[in-house]
Amino acid sequence: MPVTVKLQPAEAIAHVQRSILPTPFYSRTSRLNLNQQWSEWNGFASAVYYGDAHLEYFSTRNTCGVFDASPMRKYRFSGADAAAMLDRMVTRDVVAQAVDTVAYNVWCTDAGRVVDDGTIFRLGTEEFMLCCADPCYDWFCLSAVGFDALKIEEISEEVAALALQGPTSCALLKAMGFAGIEQCKPFQIMRFPFGGGEIMISRTGYTGDLGYELWLDPRDAEQLWDQLFSVGAIYGIQPLGDESLEMARLEAGFLAPDVDFHGSLHTVQRGHDHSPLELGLGWILNFKKPHFSGRAALLAQRESGNYRRLLKLDIEGNKPAEHSILYADKKCAKEIGYITSAAWSPVVKANIAYGLVEAKYFEGPIWAEIYHQKELRWQRKVARCTRVTKPFWSPERAKATPPPDC
Amino acid sequence: MSNPADVIIIGGGHNGLVCAAYLAKAGRKVLVLEAASGVGGLGATREFAPGFRAAVAHTLPQLGRQLVKDLDLGRHGFSLAADALPTIALAPAGGHITITADGLEGASPADSTAYATYLKLMKKFARAIDPFWHKRPPMLGSGGLRDAATLGQFGWNLRTLGKTDMREMMRMIALPARDLMDEYFESPPLKAALAWDANIGSKLAPRSPNNAVIALLYRMSGDLTGGLPLARGGTGGLTDALAAAAAAHGAQIRTGSAVARIVVEQGRAVGVELAGGELIRAPKIVSNADPKTSFFKLLGARHLDIQFTNRINRLRMNGQVAKLHLALDGLPDFTGLAEPGGRLLLAPDMQFIENAFDAAKYGGYARELPMEVLLPSLHDDSLAPAGQHVLSAQVQYAPYNVQGGWDAHRDSFLDNTMASLERYAPGIRDRVVASELLTPADLEQQFGVTGGHWHHGEFALDNWWMNRPTYGASQYRTPVPGFYLCGAGAHPGGGIMGAAGSNAARAILEEN
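Computed from a predicted structure; not experimentally measured.

**Considering the environment of serine 27 of chain A**
Mapped onto the elements, serine 27 of chain A comes out in helix α2 (residues 26-32). Taking the C-alpha atoms as reference points, serine 27 of chain A and glycine 79 of chain A, separated by 52 residues in sequence, lie 36 Å from one another.

Next up, the structure:
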């Protein structure tokens, strides 16, 4: 039997060739992306870096940088049961969360294993927006069973999102005419007229520095970008790619999904998922809440104390401990864990990392076995690791209201 | 809030009453809250036409001696109208086969021999699993000694069947009824009659795998008599005796008291709120309602973990059986049957049952419907005026989710039922003084059972033992402290048996 193969014309599969869809800012970001270095995030183009990842990173610490967060998945929860449904799904108190505030949250299986993390924006008494890095609609639908006065809509493509991060971010927004933005407290939401409608600005971010996230109608996206870059020129504005954000978030002590942890619904092997306690998220487990999904399991785990710890580590030397195995001794006889993220931190001037360490060993000595290259020749070194309890980078300006110089 | 009880039991169906009686007997202060005006649930004997009475559940194959003895039910008014009804596989033109406790009558020699072999094997299997009907199911991975012991005993009981029979049980356990019956028998109506008991009540038919043998063994769990017993006064005679026994031990039973919700404080069930707004506190709340009603309507998903909630939500609870009650002005004539004194099965062959199921699978119903027919008034003159009779029939398949809703289909389903009955009992229509057809929608509405499902959830291997209603709630405790299940949705399941109620009572007593 003859086989006929019908090929699509090239223009019909242009997006497949790139593997990516354009975000509402693509007309602007694509012009700035000098080497067309894109990664794929939820089907959308996300710049790996625009020009130089280090320069971009430094803008988050010294001036300000803009990250296109539009590929983030966004969901609207509305209805009389919305607060109760979310309250039961996540670990923090959603019922008590004030309108126009944001809260970082995590949601777990019955066994208290992390499904995913994200931020909940309370937009009204009965309206919320939930943002997370990966799609989670299926879990939200499962979580909605038994709550009737509730509507869950994916609004990812109805909302364009930019993160504006860095010490000059507040001054820039003020200069753009967002009067009173300096009064916006961390995790608070403010709204301003913009373009054809409204822009929502939350004092949130993924860099640990002073910063804001801007949420708006995609039709107004290009106008916002242009204003940011024209007014922002004297504020040292830079576009941020994935690489610079990755450095900043590690310094800030934030977790990256699929890097520091795998969602429980995506792991196959036992113990390859995580509890929030293991990930250092005990501070967002509100056990005063009579119930949330996984509460009983997490309470038992907390009481047992017998769980791995994702530790912040300061590692001697300057060779990032990427992909390292951790040991309890310098001879590397007793393996006790592994590194999930590692980098040389330019702002802290330290060799920093997260390491997941077995319950029995997290208080004892920790050594990282690091492999690095010198002119292509592999070198091995075993470096002492010191536990750090605070985020590596947490400047005062990130918390101050109004921020300095505003 | 008043605090009159140690334990509140929501629902005065037979399991709720059994649970109440055992707890009260052990000295607990028990309050039973029943929504209806009388106790008994699907077992209650109700007057469906002036002078004519019947219960939805009409026979007692699973009732055990221990329950009757423990609760001294004889002293509280329980007696039998018949102790060993035969099952008669009717053939439309006569030539019926009668199935008694000891063997077959009217069957071919080959079938009689095969039945003896079959019965011997099934009795052996039934004995092996019998202790587990009356025991708390194990919880896998609990690390508990008792769970390990139960599992160990289960394994031991299977092993001591002997290698051949153990292998045979493993092979047979998930077989469709049709394959099993075809292996043993040749008579089509005999096979249909035996297959009937394997599937009735669940959304399953002779060709469905997953439940046949376990359902047949479950049905063999009763040991009250050597055969199929009928309670005097209808099944309500039993439930009334259970209520009397519970009351005699000090349980308080309040009828006409619908519970609107369970009150949860700090993650613990602490009381109930009645439909009228009255709050009653108790440290332990036990639900005789089905799992979906218990967890969704009474408790609320917000008190439960997400995956657990979804397991409850996924329970298959669409009832498939309609109940027909006919008031007859005299005894009907069944072709070739001297007196319709047994349990009559009206299905010429297994395919006939399957055809009715096929229609129901897609939200319809067949023109010709198989059914199980009983004339309880032949054995109990309290059920009908002198010389007149009650016909009580379980008719399959009547899908809960019939397309267009039951209001649009009740008359036509009744017509089909009557026509199917006429094939065996010509002229029966002329004897009908009054009739009542209870579709699954009616059973749901009148008895508060989700989907009108008899068993409070399919009786099938995936919803059996440690998976009934689901792991996390299969030991009568639920994930919410202070809240328990005692209904047919818990192990061992439906049928008028009371084991869920007595097992739950034991689990609650052991906690103290």
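**A look at the pairing of strand β2 (residues 30-33) of chain B**
Each regular strand carries side chains that alternate between the two faces of the sheet. Residue and element names in this part refer to chain B. Here β2 shows a buried face lined by Val30 and Val32 and a second buried face lined by Leu31 and Leu33. Bridging between strand β1 (residues 7-10) and β2 involves 4 bridges; their strand directions are parallel. Bridging from a neighbouring strand, isoleucine 10 pairs with leucine 33 of β2. Crossover handedness for the path β1 to helix α1 (residues 14-25) to β2: right-handed. The sheet contact formed by β2 and strand β10 (residues 252-254) spans 3 bridges and is parallel. Its bridge partner being in β10, leucine 33 is matched across the sheet by arginine 254.

**Here's the deal with the interface of chain B and chain A**
With 15 residues of chain B at the contact, the number on the chain A side is 22 residues. Carbon and sulfur atoms make up 53% of the area that chain B and chain A hide from each other, which totals about 1300 Å². At the junction of chain B and chain A, the tally comes to 1 salt bridge. Here arginine 302 of chain B ties to aspartate 81 of chain A by a salt bridge, and the two come within 3.8 Å at their closest N and O atoms.

**Quick look at the sheet that holds strand β15 (residues 325-327) of chain A**
Residue and element names in this part refer to chain A. If you walk around this closed barrel you meet the 6 strands as β14-β17-β16-β15-β18-β19, and the pairing is antiparallel. Strand-to-strand twist across the sheet, computed as the mean angle between neighbouring axes with direction ignored, equals 40°. Examined bridge by bridge, β15 and strand β18 (residues 366-374) share 3 bridges and lie antiparallel to one another. Bridged to leucine 326 within β18 is alanine 368. The strands touched by helix α8 (residues 242-252) within the sheet are β16 (335-345) and β17 (350-357), with β16 carrying the most contacts at an inclination of about 120°.

**Structural notes on unusual backbone geometry**
Trans is the common state for peptide bonds, and a negative phi is the common state for residues other than glycine. Cis geometry marks the peptide bond from arginine 468 of chain B to proline 469 of chain B, where omega comes out at -10°. Here proline 469 of chain B is to be found in the loop between α14 (440-447) and β20 (483-485). For lysine 349 of chain A, which is not glycine, the phi dihedral falls at a positive 55°. Looking at where lysine 349 of chain A falls in the secondary structure, it is placed in the loop between β16 and β17. On the accessibility criterion, lysine 349 of chain A (59% relative accessible area) is exposed. Positive phi values are uncommon outside glycine, yet tyrosine 476 of chain B reaches one of about 75°. Turning to its location among the elements, tyrosine 476 of chain B is positioned in the loop between α14 and β20. With a relative accessible area of 1%, tyrosine 476 of chain B lands in the buried category.

**Some points on the nonpolar core**
All names here are of chain B. Formed by 92 residues in total, the largest nonpolar core has its most connected members in Leu324, Phe334, Leu391 and Leu421. With 12 residues, helix α3 (residues 109-133) is the largest single contributor of residues to this core. Excluding residues within four positions of it along the chain, leucine 324 makes contact with Leu391, Ser392, Ala393, Val395, Leu414, Thr417, Met418, Leu421, Glu436 and Leu437. By size, the runner-up hydrophobic cluster in this structure holds 67 residues, among which are Leu31, Ile285, Val480 and Leu485.

**Quick notes on the domain arrangement of chain A**
All names here are of chain A. Assigned domains of chain A: these are domain 1 (10-70 + 159-252), domain 2 (73-153) and domain 3 (308-396). Summarising the inter-unit geometry, the C-alpha centres of domain 1 and domain 3 are found 31 Å apart. Listed by partner, the interface residues are 12 residues for domain 1 and 13 residues for domain 3. Counting the contacts that link domain 1 with domain 3 gives 7 residue pairs in polar contact (both at pLDDT 80 or more). Elements supplying a minimum of two residues to the side of domain 1 that touches domain 3: α3 (53-62) and α8. Broken down by element, the residue count for the side of domain 1 that touches domain 3 peaks at 6 residues, all from α8. The residue inventory of the side of domain 1 that touches domain 3, partitioned by class, reads 5 nonpolar, 2 polar and 5 charged.

**A short note on helix α12 (residues 350-361) of chain B**
Residue and element names in this part refer to chain B. The end-to-end C-alpha distance of α12, which contains 12 residues, comes to 16 Å, matching closely the 16 Å that a straight helix rising 1.5 Å per residue would cover. Residues Met350, Phe352, Ile353, Glu354, Ala356, Phe357 and Ala360 constitute the buried set of α12. In this fold, the buried residues of α12 make contact with α6 (177-184), α7 (188-199), β16 (343-346) and β18 (389-396). Between the side-chain oxygen of the N-cap and the backbone nitrogen of glutamine 351 there are 3.2 Å, and the N-cap of α12 in question is aspartate 349.

**Some thoughts on the packing of α1 of chain B against helix α15 (residues 499-511) of chain B**
Residues and elements named next belong to chain B. Between α1 and α15, the least distance of the axes is 7 Å, while the angle of their chain directions is 35°. Regarding α1 and α15, the two cross each other, and that crossing is right-handed. Contact residues: Asn15, Val18, Cys19, Tyr22 and Leu23 in α1; Ala499, Ala500, Gly501, Ser502, Ala504, Ala505, Ile508 and Leu509 in α15.

**What about the sheet that holds β10 of chain B?**
Residues and elements named next belong to chain B. Spatially, 5 strands are ordered β10-β2-β1-β14-β20 in an open sheet, and the strand pairing comes out parallel. At either end of the open sheet lies a strand with only one pairing partner, and these are β10 and β20. Neighbour-to-neighbour, the strand axes of this sheet turn through a mean angle of 20°, independent of strand direction. Taken together, the 4 bridges between β1 and strand β14 (residues 284-287) define a ladder with parallel strand orientation. In the strand pairing of β14, valine 7 is matched with lysine 284.

**Notes on the environment of aspartate 209 of chain A**
Residues and elements named next belong to chain A. Along the polypeptide, aspartate 209 turns up in the loop between β11 (197-202) and β12 (211-216). Aspartate 209 gets classed as buried once you look at its relative accessible area, which sits at 7%. Distance from aspartate 209 to threonine 168, taken between C-alpha atoms, is 10 Å for residues 41 residues apart in sequence. What aspartate 209 contacts, discounting residues up to four positions off in sequence, is Thr60, Arg61, Gln165, Gly166, Pro167, Trp393, Pro395, Arg397 and Ala398. At 3.0 Å, the side chain of aspartate 209 forms a polar contact with the side chain of tryptophan 393.

What counts as what
- Residues numbered from 1 in each chain as written.
- Chains lettered and ligands numbered in written order.
- Predicted model: local features only at pLDDT ≥ 70, side-chain atom pairs only at ≥ 80, totals over all residues.
- Heavy atoms only, no water.
- Helix = DSSP H or I, 4+ residues; strand = E, 2+ residues; numbered from the N terminus.
- Buried < 20%, exposed > 50% of the residue type's maximum accessible area, 1.4 Å probe, protein only.
- Pairing = 2+ DSSP bridges.
- Right-handed = clockwise from strand over helix to strand, strands pointing away.
- Contact = heavy atoms within 4.5 Å.
- Buried area = accessible area lost by both parts, 1.4 Å probe.
- Salt bridge = Lys/Arg side-chain N within 4 Å of Asp/Glu carboxyl O.
- Axes fitted to C-alpha atoms, helices over the stretch in contact; angles between N-to-C directions.
- Core = buried A, V, L, I, M, F, W, Y, C linked by side-chain atoms within 4.5 Å.
- Domains from an automatic or database assignment.
- Polar contact = N/O pair within 3.5 Å; in protein donor to acceptor, adjacent residues only side chain to side chain.
- Nonpolar A, V, L, I, M, F, W, Y, C, P; charged D, E, K, R; others polar.
- Expected span 1.5 Å × (residues − 1).
- Left-handed = near helix turned anticlockwise from the far one by under 90°.

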